[in-house]
Amino acid sequence: MKDWEYNEIFDAIQETYKELLDEGRGYRYAIAKLTDEFNNLGKVEDFIVDTAIGEIAITHEQVFVGHIRGITGRLGKFNPKEAEDELTLDEIKDLLARMNKVIVGLQNVEVDYNSSAGG
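Chains are numbered independently. Their residues run from 1 in the order of the written sequence. pLDDT decides what is reported in this predicted model: residues at 70 or higher carry local features, side-chain atom pairs at 80 or more are listed and counted, and totals for whole chains, interfaces and linings draw on all residues regardless. As a rule here, side-chain values cover all heavy atoms of the structure and leave hydrogens and water aside.

### Remarks on the confidence of the model for the protein chain
Link 1 in the chain: Residue-level pLDDT values for the protein chain average 91, and 96% of them are 70 or greater.
Link 2 in the chain: The quantity known as pLDDT measures the predictor's confidence residue by residue, on a range of 0 to 100. Note on conventions: DSSP H or I runs of at least 4 residues are helices, E runs of at least 2 residues are strands, and numbering of each starts at the N terminus. Summarising per-element confidence for the protein chain, the mean pLDDT is lowest in strand β1 (residues 62-64) (88) and highest in helix α6 (residues 89-108) (97).

Right, here's the structure in full:
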């Protein structure tokens, strides 16, 4: 990974999420903004971003259907072999466990069909 360390992405997303919440525009807006701000960092980085955003999303009462479909769809395409040149084996194992938790969590959250970014 060219510009980021593995844990650095998770930390940056958590920090940015907290800053966005402090702006008072709600968690839906914060999730949408995170998705936009951390878009297209790199092939492996994008899987980490989706995982980090998914970890935040599963803590909410409801998750917008578009985020559920997008995150689970992209995470389902992860191939650990493709990450071997960029992540350590421990990082890959950690990422796979986190991805699984996100996928299962998103399957169990209440689906929000309102596309409003408020909340």
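### Focus: the pattern of salt bridges
Proximity of charged atoms lets side chains of opposite charge pair with each other.
Link 1 in the chain: Think of a salt bridge as a Lys or Arg side-chain nitrogen and an Asp or Glu carboxyl oxygen that are within 4 Å of each other. Per the stated rule, a full pass over the model turns up 6 salt bridges.
Link 2 in the chain: Measuring nitrogen to oxygen at the nearest pair gives 2.7 Å for the salt bridge that ties Arg-74 to Asp-50. A residue pair is termed long-range when its members are at least 10 positions apart, and Arg-74 in helix α4 (residues 65-75) and Asp-50 in helix α3 (residues 43-57) qualify at 24 residues.
Link 3 in the chain: Burial classification: accessible surface area is computed with a 1.4 Å probe over protein chains only, and a residue below 20% of its type maximum counts as buried, one above 50% as exposed, and the rest as partly exposed. Of the residues examined, Arg-74 reaches a relative accessible area of 37% and is grouped as partly exposed.
Link 4 in the chain: Between Asp-94 and Arg-98 there is a salt bridge whose closest N-O contact spans 3.2 Å. Pair noted here: Asp-94 and Arg-98 are both in helix α6, with a separation of 4 residues, about one helical turn.
Link 5 in the chain: Put simply, Glu-55, Asp-94 and Arg-98 are held in one network by salt bridges that share partners.

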